[in-house]
Amino acid sequence: MENCLFCKIVAGEIPSNKVYEDEDVFAFHDINPNAPVHVLVIPKPHIPSIAAVSGENIETVSRVLLAIPKIASSLGLDEGGYRVITNCGEDAGQTVHHLHFHILGGKKLPVSLG
Ligand code: 5GP
Ligand code: ZN
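As the structure is a prediction and not an experimental result, all values here were calculated from the model.

A.B. asks: Would you mind showing me how to read the packing of aromatic side chains here?
C.D. replies: For any pair of aromatic rings, the description rests on two quantities: the centre-to-centre distance and the angle between the ring planes. For the structure on display, the rule yields two aromatic pairs. Each ring, one from F6 and one from F28, has its centre 5.3 Å from the other, and the planes form 80 degrees; the classification is edge-to-face. Separated by 22 residues along the polypeptide, F6 in helix α1 (residues 5–11) and F28 in strand β2 (residues 25–29) bring together distant segments of the chain. Aromatic rings pair up to connect F6, F26 and F28 into one cluster.

A.B. asks: Explain the site of ligand 1 to me, please; I cannot follow it from the model alone.
C.D. replies: D30, N87, T95, H100 and H102 are the nearest of the 16 residues found near ligand 1. H29 has a polar backbone atom sitting 2.9 Å from a nitrogen atom of ligand 1. I31 is positioned such that a nitrogen or oxygen atom in its backbone is 3.3 Å from a nitrogen atom of ligand 1. For ligand 1, the accessible surface in isolation is 520 Å², of which the surrounding protein chains cover 83%. Given that more than half its atoms are within 2 Å of the pocket grid, ligand 1 belongs to the largest pocket. Contributing elements (two or more residues each) for the shell around ligand 1: α1 and β2. By residue number, the principal contributor to the shell around ligand 1 is α1, which donates three residues.

A.B. asks: What is the right way to read the pairing of strand β3 (residues 37–43) from this model?
C.D. replies: Each regular strand displays side chains that alternate between the two surfaces of the sheet. For β3, a buried count of seven out of seven residues is recorded, marking the element as mostly surrounded by other parts of the structure. Taking every second residue as pointing to the same face, both faces of β3 are buried, with V37, V39, V41 and P43 on one and H38, L40 and I42 on the other. As paired strands, β2 and β3 are joined by five bridges and run antiparallel to one another. For F28, the partnering residue across the bridge sits in β3 and is L40. Pairing of β3 with strand β5 (residues 101–105), which is carried by five bridges, proceeds in the antiparallel orientation. Residue V37 lies in a different strand from β5, and its bridge partner there is G105.

A.B. asks: I keep staring at the coordination of the zinc ion (ligand 2) and nothing clicks. Help me out?
C.D. replies: Each protein donor to the zinc ion (ligand 2) is listed here as C4 (SG), C7 (SG), H46 (ND1) and H98 (ND1); together their distances run 2.1 to 2.3 Å. For the zinc ion (ligand 2), the four donor atoms are set out with angles of 106 to 116 degrees between them, so the coordination reads as tetrahedral. Taken in chain order, the donor set of the zinc ion (ligand 2) reads C-x2-C-x38-H-x51-H. With C7 in helix α1 and H46 in the loop between β3 and α2 (58–74), this residue pair connects regions lying 39 residues apart in the sequence. Look at C7 and you get buried, because its relative accessible area is 15%. Its relative accessible area of 25% is what places H46 among the partly exposed residues.

Analysis parameters
- Residues numbered from 1 in each chain as written.
- Chains lettered and ligands numbered in written order.
- Predicted model: local features only at pLDDT ≥ 70, side-chain atom pairs only at ≥ 80, totals over all residues.
- Heavy atoms only, no water.
- Phe/Tyr/Trp six-rings, centres within 6.5 Å; stacked < 30°, edge-to-face > 60°.
- Helix = DSSP H or I, 4+ residues; strand = E, 2+ residues; numbered from the N terminus.
- Near = heavy atom within 4 Å.
- Polar contact = N/O pair within 3.5 Å; in protein donor to acceptor, adjacent residues only side chain to side chain.
- Areas by Shrake-Rupley, 256 points an atom, 1.4 Å probe, with all protein chains shown as cover.
- 1 Å grid on protein atoms, 1.4 Å probe; cavity = no way out; pocket = protein on both sides within 12 Å on 5 of 7 lines; lining within 4 Å.
- Sits in = over half its atoms within 2 Å of the grid points.
- Buried < 20%, exposed > 50% of the residue type's maximum accessible area, 1.4 Å probe, protein only.
- Pairing = 2+ DSSP bridges.
- Donors = N, O, S within 2.8 Å, 3.2 Å for Na, K, Ca; no water.
- Tetrahedral: all angles 85-135°; square planar, octahedral: opposite > 155°, others 65-115°.

Keep in mind these numbers describe shape, not what the thing actually does.
Shown next, in the form of structure tokens:
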């Protein structure tokens, strides 16, 4: 997908601080962290948001979901726990239109989500 920031990160055209990679999944530290640990986990193929999850791409998405707890463990978050967020569309404040799951942890996070 041309002009997609996260596709460019997957392709290595834009540098990132990678924490995990497999055939379908890529994970890297957020450039503007909102918590001591703030990692983004994405499918390698371009999927615009969770609204675009379908029978066609569910296998890829399931591999992203399977990777999330493994990545959280590798980041030392098992004991304290963590939050997983995906923003979808304007009201949620989605700024990059390539599906991504935020993993946030390393501190007591604010309770309010909305
Ligand atoms: P959204 O607001 O779409 O849910 O999240 C997009 C996230 O991508 C934001 O937390 C933002 O800080 C992060 N981000 C935007 N541009 C870059 C970048 O070039 N590199 C990295 N590592 N993160 C980015
Ligand atoms: Zn993309």
